[in-house]
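# An overview of the molecular structure
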Amino acid sequence: MAKGEETRQAILSRALELATLGGLSGLSIGRLAEETGLSKSGLFAHFGSKEALEVAVVEEAARQFVQFVMAPALRQPRGEPRIRALFDRWIEWGQRPGGCFFVSAIAELDDRSGPPRDALVQTSKDWLDTLATAARITVTEGHFRADLDPEQFAFEVYSVMLGFHAYRQLLHEPASLDRARQALERLLSSARVPGASPR
């Protein structure tokens, strides 16, 4: 990796940490310059505008999410074990300081138009598609019912994570992790082939 790319990567890693804790709106090239010890002009050369910086942060979050959640989970056996791994890694990602960047960004960008929202929408759709695809594979493996609606399954898994984030970050509910896992178990049980045991 070239030095310029290493510098940009270091900037984005710090920017993502700040955005996860304080939101994208609280992130500026000036503040990021203070946090990284770089000049505003140097940072501007990397991103050009606050909007471009926000897009880059969403893309960096997606890159880290793939690395932390998806890549390890996709190494697990196909079917229910992989779905469990995707959920477990996602829950672990959501327990970082500030919670899940994407859940927070949804609340911040849902009524804002522009490239940062577009990047977030695409990332969210990609993740939902990953969950739905994992459900389809689980049907193919014979773990889930043949009449399962994969998109509905993805919606419900996603909804569990939204609830987990609210319970943990907003309500500081000690039982949030247990409730999320119970919700997943009920969802898996309802999706399984009748009489099948948990995998």
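A brief structural summary. The residue count restarts for each chain, going from 1 along the sequence in the order it is written. This being a predicted model, a pLDDT of at least 70 is required before a residue's local features are given, and a value of 80 or more before pairs of side-chain atoms are given or counted; all residues contribute to the totals for chains, interfaces and linings. In computing side-chain properties, one takes all heavy atoms of the structure into account and sets aside hydrogens as well as water.

### Notes on the packing of aromatic side chains
We apply this condition: Classification of ring pairs rests on two measures: the distance between centres of Phe, Tyr or Trp rings, Trp counted by its six-membered ring, which must be within 6.5 Å, and the angle between planes, read as stacked under 30 degrees, edge-to-face over 60 and tilted in between. Secondary structure counts use DSSP, requiring at least four H or I residues in a row for a helix and at least two E residues in a row for a strand, with both numbered from the N terminus. Categorising residues by exposure relies on relative accessible area from a 1.4 Å probe, with only protein chains included: less than 20% of the type maximum marks a residue as buried, more than 50% marks it as exposed, and the intermediate range marks it as partly exposed.
A full pass over the atoms with the stated rule returns nine aromatic pairs. Relative to Phe102, the ring of Phe65 lies with its centre 5.5 Å away and its plane at 90 degrees, an arrangement referred to as edge-to-face. Taken as a pair, Phe65 in helix α4 (residues 50–73) and Phe102 in helix α6 (residues 101–109) lie far apart in primary sequence, 37 residues in all. Accessibility classification places Phe65 together with Phe102 in one group, the buried group. Consider the rings of Phe101 and Phe102, whose centres lie 5.4 Å apart with planes at 75 degrees: the pair is edge-to-face. By relative accessible area, Phe101 is classed as buried at 2%.

### Let's talk about the layout of surface pockets
The line we're drawing: Lining residues are defined by having an atom within 4 Å of a point belonging to a cavity or pocket. Those points lie on a 1 Å grid over the protein atoms alone, cavities being sets where a 1.4 Å probe fits but cannot get out and pockets being open sets with protein on both sides within 12 Å along at least five of seven lines. Grid points are joined across faces, edges and corners, and a volume is the space filled by probe spheres set on the points. Under the grouping applied here, Gly and all other residues not named as nonpolar or charged are polar, the nonpolar ones being Ala, Val, Leu, Ile, Met, Phe, Trp, Tyr, Cys and Pro and the charged ones Asp, Glu, Lys and Arg.
Each pocket or cavity is described by its volume, and for the largest pocket that value is around 170 Å³. Around the largest pocket, the lining residues are Ser13, Leu16, Glu17, Thr20, Leu21, Gln64, Trp93, Arg96, Pro97, Gly99 and Phe101. Counting residues per element, the lining of the largest pocket draws most heavily on helix α1 (residues 3–22), which supplies five residues. Residues that form the lining of the largest pocket fall into these classes: five nonpolar, four polar and two charged.

### With respect to the nonpolar core
Here is the rule: As used in this record, nonpolar core signifies buried Ala, Val, Leu, Ile, Met, Phe, Trp, Tyr and Cys residues forming a set joined through side-chain atoms within 4.5 Å.
Within the largest apolar cluster, 59 residues are counted, with the highest numbers of intra-cluster contacts made by Val57, Trp90, Phe101, Phe102, Trp127 and Phe153. A total of 12 residues in this core trace back to one element, the largest contributor, which is α4.

### What to know about the packing of α4 against helix α5 (residues 80–94)
The condition is simple: Where helices are involved, their axes are fitted lines through C-alpha atoms of the stretch in contact, as for all axes, and angles between N-to-C directions lie from 0 to 180°. Here roughly perpendicular refers to angles of 65 to 115 degrees, roughly parallel to angles under 35, roughly antiparallel to angles over 145, and oblique to all remaining angles. Each crossing gets its hand from how the near helix is turned against the far one by less than a right angle, where anticlockwise is left-handed and clockwise is right-handed. Two residues form a contact once any of their heavy atoms are found within 4.5 Å.
Running from N to C, α4 and α5 cross one another at 140 degrees; their axes reach a closest spacing of 8 Å. Judged by the inter-axis angle, α4 sits oblique to α5. Handedness of the crossing formed by α4 with α5: right-handed. Side by side, α4 and α5 meet where Ala61, Gln64, Phe65, Phe68, Val69, Met70, Pro72 and Ala73 of the first sit next to Arg82, Ala85, Leu86, Arg89, Trp90, Glu92 and Trp93 of the second. Partitioning the contact of α4 with α5 into residue classes produces 11 nonpolar, one polar and three charged.

### Focus on α4
As a reminder of what qualifies: In this analysis, the expected span of each helix is defined as 1.5 Å times one less than the number of residues it contains. At every residue, the bend is computed as the angle between two fitted axes, covering the seven residues ending there and the seven beginning there respectively.
Between the first and last C-alpha of α4 there are 34 Å, a value that for 24 residues agrees with the 34 Å anticipated at 1.5 Å per step. Taken as a whole, α4 carries its principal kink of about 35 degrees at Val66.

### Observations concerning a nonpolar patch on the surface
In plain terms, the rule: Each patch is built from salt-bridge-free residues with over 30% relative accessible area, joining like charges within 9 Å and nonpolar side chains (Val, Leu, Ile, Met, Phe, Trp, Tyr) within 5 Å. Calculation of accessible area relied on Shrake-Rupley with a 1.4 Å probe; when residues are assessed, cover is drawn exclusively from the protein chains displayed. Salt bridges are identified by distance alone: a Lys or Arg side-chain nitrogen within 4 Å of an Asp or Glu carboxyl oxygen.
Residues Tyr167, Leu170 and Leu171 make up a contiguous nonpolar surface patch of about 330 Å² in total accessible area. On the secondary structure map, Leu171 appears in the loop between α8 (150–170) and α9 (176–191).

### Considerations on empty space enclosed by the protein
Gaps left between atoms show up when a probe the size of a water molecule is rolled over them. Scanning all chains against the criterion turns up two cavities of 30 Å³ or more. Considered as a void within the structure, the largest cavity measures approximately 90 Å³ in volume. Phe65, Trp90, Cys100, Phe102, Val103, Ile106, Thr123, Ser124, Trp127 and Tyr158 together form the lining of the largest cavity. Counting only elements with at least two residues in the lining of the largest cavity, the list comes to α6 and α7 (115–140). Tallied by class, residues from the lining of the largest cavity come to eight nonpolar, two polar and no charged.

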